[in-house]
Amino acid sequence: MLNIIQYLVILRIKIILSVEKVIRRKYVLLSLLGIVISLILIPSQALTEPNTYIRIWPELPGPWYFRYPEGIAIDRDNNVYIGDGYSHIQKFDANGRLISKWGGYGSGDGQFIRSRGIAIDNSGNVYVVDNGNNRIQKFDANGRFIRKWGEYGSSDGQFEYPEGIAIDSSGNVYVADTYNHRIQKFDPNGNFITKWGSYGSGDGQFIWPKGVAVNFAGDVYVGEDYIADSGNHRIQKFDANGRFIRKWGEYGSSDGQFNHPEWIAIDGSGNVYVADTYNFRIQKFDPNGNFITKWGSYGSGDGQFSSISGIAVGSLGKVYVVDFGNNRVQNFDTEGNLIAKWQSSGISDGYFTNPGDVAIDSSGNVYVADSGNHRIQKFDADGRLITKWGSEGTGDGEFKYPARVGVDSLGKVYVLDSVDSGNRRVQRFDANGQFITKWEVGGMVGSGPVIGILDMAVDNSGNVYLADNYYYRFYNFINGRILKFDSNGKFITEWERADVWWQPMGIAVDNMGSVYVADRVNKEIVKFDSNGGFITKWGGRGSGTGQFSELWAIAVDSASNVYVNADSQIQRFDSGGGFITKWGSYGGDILQFGGSVEIAVDNSGNVYVADSVNNRIQIFPPNPSIMLHLNNDSFRPDGILDLSIDIWAGTDNYIADAYLALLAPDGRLFFWGPRLKSFSEKVQPVCSSCAVENYSEVIMSIPLDASITIGLYTFYAVLTKVGSNPLEQNNWLSNLAQATCKFTK
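(A) Structural context of the overall build of the chain. When helices and strands are counted, the chain shows one helix and 63 strands. Out of the 745 residues belonging to the chain, those deemed buried represent 59%. For the chain, the accessible area works out to roughly 28,600 Å², and carbon and sulfur atoms hold 47% of it.

Structure representation (C-alpha cells):
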C-alpha cells in the first residue's frame, strides 16, 4: 500500500512524461489546460469548517522561529530575504509575513551547506553565498534555481569559504572570497571579470574580508565597493575595478573604531552602516567614512545584540539587523531607533524564553514553565492567558529557572526549579498561583544525597516522583533512582533499576499509577508500578522504529499511550511498548523541534510540546489535518502558481482518499484527476486508499494557461473515508483546507 507522498511522487513521474518543463525536484506539475465546466456546487458548510491544523503558541504575525539566522537582503519591493538554519532562505514582506521558503541541507542545486551572504539584483533575482559548498547560487524571486558557479580553490572563479556578496546596478556580482583574502567580480551569469586583494594590512590587502556592499546612490558612487576588512578592523573603499580610494577604522571601541567589522550596508544617501561585531553595535558613517552615530550593546533586550550576522537597508529607510545569537531580526530607523523585532521569545504575556515544561489539568488548562522568565503562565485550551505568577528569586512563589511543572487531579500545581539554579526545591500552588507549601530536594534523601533532579511527574493523588539522575551510595558508587514524595513533600520510597546501571532522564505516571521512566543510558523505556515493581521495558539503542539514539522526555495520555521525545522526534507507543507512530525532526519549522523537548497530552488527545530552543509550544491534534499555501495571492494567467499542501496525519495512522478541488469564479467546482492529468468535472480522488502517515509536504507548480477566466479562484483539499462522497462533510477525516487567489490581466 502506498502512502500519500509515495503516490504523488509516482504521479509526478507520469506527468513529467507528458510535459516538458520541470520546475524543481519533488514538484508535481499540473495543467489547467482543457478545464471542463462542471455543474457541481461546493457545499455551503464547507466554507465554515474550522481549521484543526497544528497550532503554535505564541501566535506570531510571521513564523519567526529562526535557528541561527545569517545573511539578509532587501529587494526593491522591500521584501526581506533571510538565511536561516544554515540551509534555508526565507522571504518575508516588509511586515514580517512569510511569503516563501526554499533550500535544504546538501550539495544539490538549491541546497546549501551554510548559506551566508545574500544579494538581490534589479530584476529581483536572488544570489546566495553557499559557504560550505564554496559556490554562488542564483535563484528567481520565488526560489527557483537558475544557475551556480564556483568550487573550492584559489584560481579565478574558485572560492575558499566565501562570506559576503553585493551586486551593482549593471548586475555585476562582487564576492568576498574570505579565506583567499580577496574580492572577485563576476557578470550576472557567473563569468569571471576581475579580482583584487591579498593577505596583509596594506592598502588593498585584506585579512578575512567578509562584508561587501555597492553604493547605488548616483553616478558619482556607482560601482564603488566598501569592504569590511574584519581582521584589520577597518573599512576600505574601492572603485568598481578594485582601485583603492580610502580607508577608515582601527581596532578599539571608540567612535570609528572596530572589533571585527563583519557586515556592511549602504542606504540611498550613500551612508555606510557597519556591523561592529564584537563591540555589539552598529556604526553609521557618511560616504567618506566620517562618523555619524552608533547604537547597540551586548544583550538580548531591545536594541541589543549577541552576535550580528547580517545587515541591510531598504528603500523605506529601515535598517534590518540579523542577530545570530538571539535568533532574531531587529528593524531600526536610520538613527538607530527600534521600529520592530521579529523573534519568537520575549517577556510579554503569552511569550516564552526557553520554556522548560508543559502540563495540563483536567479542565484542559495549560501550564507552561517559562524558565527564562522565571514564571509560570496558565492558558486556556485556545491559548488565552488566564494568569501568571513568579519572578526571579528564592522566596515563596519565586523561581530560578523553573524546569518542570505538574498538576494533580485536584488542580494543585507543582513546580520544580532547575537543578543548577541553587533553589533545589518543589513548590506547590493552587490553580491561581497562590503559594501553599514547599520542600527541599537537596541534601540527604532516603539512602543518599540528591545530586541531579532532571524530571518530575505528579500522579492523581498528588504524589510527586523525581528522577534523580545520579546519587552516591557510600560515596563510591554512581547510579540513578526514582524518589517518591507525598503532596506535602514527605518522603515515601525510592527505587533504582535492578538489572543494570541506568540514567533516569524522564518520568511520567498514567491514570492507573504506573510509572514510566526514560533511561538515557540504556535507551529504553522502563515501566514500574507505583512502588517501583518492574513491569516491562522496551526500546534499545538504534535508529529503527521503536529504538532511540538520544532519549529525553516522556508523557502518558488518559488511555496510557506513551509519548517519547528521542532523536528530535516524538514516538508514540501503547502502554506495553507497541509502536504506533512517530513524527518530527530537528529544526525550527512547523513539526520540528530544537532538540530535547517536554510533552503533555490533554484529555482530547492533543499533544503539547514545549520547545525551549524555539521558544514555543506546538499543539498536535490527534486527527488528520491539512493546510494549503500559495506563493502569492494574485497571478497573471500566463504565470506560474506555486501551491503547497501540508498534510498532518494526526497521532495515529489512517487509510484515506485525498481530494484536491478548484472553485471557479462562477461557483463551479473542478477536481484534479491523476488519470486525466488536469482538473475536470469528475469527482475523483488525487490519491485513493492511501496511507496517511506522519507529515507530508507536497509542492505543486502549476503553469497557468493564458485563456483562463479572470477572477477569484479557491483551492480546496480534504481527506475522506475510503470510497465516500467528498461533498458530504460527515465523510471527512480532516478539516477542509482552502487557499484563495486572484487571476488578473
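Here the narrative resumes.
(B) Just the sheet that holds strand S14 (residues 192–196), in detail. Taken together, the four strands give an open sheet; going across it, the order is S11-S12-S13-S14, and neighbouring strands pair in antiparallel fashion. Only two strands of the sheet have a single neighbouring strand rather than two, namely strand S11 (165–167) and S14. The average angle at which neighbouring strand axes cross in this sheet is 20°, direction not considered. Here strand S12 (residues 173–177) pairs with strand S13 (residues 182–186) via five bridges, running antiparallel. Bridge assignment links Val-175 to a residue of S13, and that residue is Gln-184.

(C) How the structure looks around unusual backbone geometry. Each neighbour pair has its own omega, and for Trp-57 with Pro-58 the value is -5°, a cis peptide bond. By secondary structure assignment, the location of Pro-58 is in the loop between strand S2 (55–57) and strand S3 (70–74). Backbone geometry places Asn-78, a non-glycine residue, at a positive phi of 65°. Mapped onto the secondary structure, Asn-78 falls in the loop between S3 and strand S4 (80–84). The phi torsion at Asn-615 lies on the positive side, around 55°, for a residue other than glycine.

(D) Looking closely at the environment of Lys-148. Turning to its location among the elements, Lys-148 is positioned in strand S10 (residues 145–149). As for Lys-148 and Tyr-127, which are separated by 21 residues in sequence, their C-alpha atoms are 9.2 Å apart. Dropping the residues within four chain positions of it, Lys-148 is found in contact with Asp-109, Arg-135, Ile-136 and Gln-137. Polar contacts involving the side chain of Lys-148 include one to the side chain of Asp-109, which spans 2.7 Å.

(E) Just the packing of aromatic side chains, in detail. With the rule as written, the count across this model stands at 43 aromatic pairs. Ring geometry for Phe-352 against Phe-379: centres 5.9 Å apart, planes inclined by 70°, an arrangement best described as edge-to-face. Residue Phe-352 is found in the loop between strand S26 (338–342) and strand S27 (355–360), and its partner Phe-379 is found in strand S29 (residues 375–379); the two are separated by 27 residues along the sequence. Neither residue differs from the other here; Phe-352 and Phe-379 are each classed as buried. Ring centres of Phe-593 and Phe-620 lie 6.1 Å apart, and the angle between their planes is 75°; this geometry places the pair in the edge-to-face category. Residue Phe-593 is located in strand S50 (residues 592–593), and its partner Phe-620 is located in strand S53 (residues 616–620); the two are separated by 27 residues in the primary sequence. An identical accessibility class is assigned to Phe-593 and Phe-620; each is buried. Through a chain of ring-to-ring contacts, three or more aromatic side chains come together here, namely Trp-64, Phe-66, Phe-92, Tyr-320 and Trp-342. In this structure, Arg-616 is placed above the aromatic ring of Tyr-65, and the distance from its NZ or CZ to the ring centre is 4.5 Å.

(F) The nonpolar core, seen in detail. Formed by 31 residues in total, the largest nonpolar core has its most connected members in Leu-628, Leu-643, Ile-645, Leu-660 and Phe-715. Counting residues per element, the ones that place at least two in this core are strand S54 (625–630), strand S56 (640–648), strand S57 (654–663), strand S58 (669–673), strand S60 (687–692), strand S61 (695–703), strand S62 (711–720) and strand S63 (737–743). Ignoring any residue separated from it by four or fewer positions in sequence, one finds Leu-628 in contact with Leu-643, Ser-644, Ile-645, Phe-715, Tyr-716, Ala-717, Ala-737, Gln-738 and Ala-739.

(G) Structural view of the confidence of the model for the chain. Here the chain averages 85 in pLDDT, while 87% of its residues score no lower than 70. When mean pLDDT is taken per element in the chain, strand S9 (residues 135–139) scores highest with 98 and strand S1 (residues 27–29) scores lowest with 27. Between residues 217–225, whose pLDDT stays under 50, and residues either more than four places distant or in other chains, the model counts 32 contacts. Throughout residues 471–476 the model reports pLDDT below 50, and contacts reaching past four residues in sequence, or to other chains, amount to 20 contacts.

(H) Structural view of the pattern of salt bridges. Applying the stated criterion across every chain yields a total of 34 salt bridges. Measuring nitrogen to oxygen at the nearest pair gives 3.5 Å for the salt bridge that ties Arg-144 to Asp-140. The residue Arg-481 makes a salt bridge to Glu-494 at a minimum N-O spacing of 2.9 Å. Linking Arg-481 in strand S39 (residues 478–485) with Glu-494 in strand S40 (residues 491–495), this pair joins segments that are 13 residues apart in sequence. Via salt bridges that share partners, Arg-497, Asp-499, Asp-519, Glu-524 and Lys-537 belong to a single interconnected network.

(I) Quick look at the state of the cysteines. Across all of its chains, the model carries one disulfide by this definition. Shown here is the disulfide that connects Cys-687 with Cys-690, its sulfur atoms set 1.7 Å apart. Across the disulfide from Cys-687 to Cys-690, rotation about the S-S bond amounts to roughly -85°, and the bridge is consequently left-handed. Its relative accessible area of 1% is what places Cys-687 among the buried residues.

(J) Representation of the side chain of Asp-646 in the model. By secondary structure assignment, the location of Asp-646 is in strand S56. It is Lys-101 that comes nearest to the buried, bridge-free Asp-646 among opposite-charge side chains, at 10 Å. The contact partners of Asp-646, leaving out residues within four places of it in the chain, are Tyr-53, Ser-625, Ile-626, Met-627, His-629, Tyr-695, Ser-696 and Glu-697.

(K) Layout of the pairing of S53. Within S53, five of the five residues are buried, leaving the element largely enclosed by the surrounding structure. Covered by surrounding structure in S53 are Arg-616, Gln-618 and Phe-620 together with Ile-617 and Ile-619, the residues of both alternating faces. Of the strand pairs in this sheet, S2 and S53 are connected by three bridges, and their pairing is antiparallel. Note that in S53 the partner of Trp-57 across the bridge is Ile-617. Where strand S52 (residues 607–611) meets S53, five bridges bridge the pair, whose relative direction is antiparallel. Opposite Asp-611, over in S53, you have Arg-616 as the bridge partner. Hairpin geometry of S52 and S53 is characterised by an intervening segment of four residues between the two adjacent antiparallel strands and by a positive phi of about 55° at Asn-615.

(L) Representation of a nonpolar patch on the surface in the model. Nonpolar side chains collect at one region of the surface, where Tyr-152, Tyr-161, Tyr-179 and Trp-208 lie side by side and expose about 430 Å² of accessible area between them. By the secondary structure assignment, Tyr-179 is in the loop between S12 and S13.

(M) Representation of the pairing of strand S43 (residues 524–528) in the model. Most of S43 is tucked away, with five of its five residues classed as buried. A two-sided burial pattern is seen for S43, the buried positions comprising Glu-524, Val-526 and Phe-528 on one face and Ile-525 and Lys-527 on the other. Across five bridges, strand S42 (residues 515–519) lies against S43 in antiparallel orientation. Each bridged residue has a counterpart across the sheet, and for Ala-518 the counterpart in S43 is Ile-525. Here S42 hands over to S43 after four residues, with Lys-523 in that stretch at a positive phi of 55°. Note that S43 and strand S44 (residues 534–539) share five bridges and pair antiparallel. Following the sheet pairing, Ile-525 is matched in S44 by Trp-538.

Quick notes on the rules
- Residues numbered from 1 in each chain as written.
- Predicted model: local features only at pLDDT ≥ 70, side-chain atom pairs only at ≥ 80, totals over all residues.
- Heavy atoms only, no water.
- Helix = DSSP H or I, 4+ residues; strand = E, 2+ residues; numbered from the N terminus.
- Buried < 20%, exposed > 50% of the residue type's maximum accessible area, 1.4 Å probe, protein only.
- Areas by Shrake-Rupley, 256 points an atom, 1.4 Å probe, with all protein chains shown as cover.
- Pairing = 2+ DSSP bridges.
- Axes fitted to C-alpha atoms, helices over the stretch in contact; angles between N-to-C directions.
- Contact = heavy atoms within 4.5 Å.
- Polar contact = N/O pair within 3.5 Å; in protein donor to acceptor, adjacent residues only side chain to side chain.
- Phe/Tyr/Trp six-rings, centres within 6.5 Å; stacked < 30°, edge-to-face > 60°.
- Lys NZ or Arg CZ within 6 Å of the ring centre and 35° of its normal.
- Core = buried A, V, L, I, M, F, W, Y, C linked by side-chain atoms within 4.5 Å.
- pLDDT = per-residue confidence, 0-100.
- Salt bridge = Lys/Arg side-chain N within 4 Å of Asp/Glu carboxyl O.
- Disulfide = S-S within 2.5 Å.
- Lys, Arg positive; Asp, Glu negative; His and termini not counted.
- Patch = residues over 30% accessible without salt bridge, like charges linked within 9 Å, V, L, I, M, F, W, Y side chains within 5 Å.

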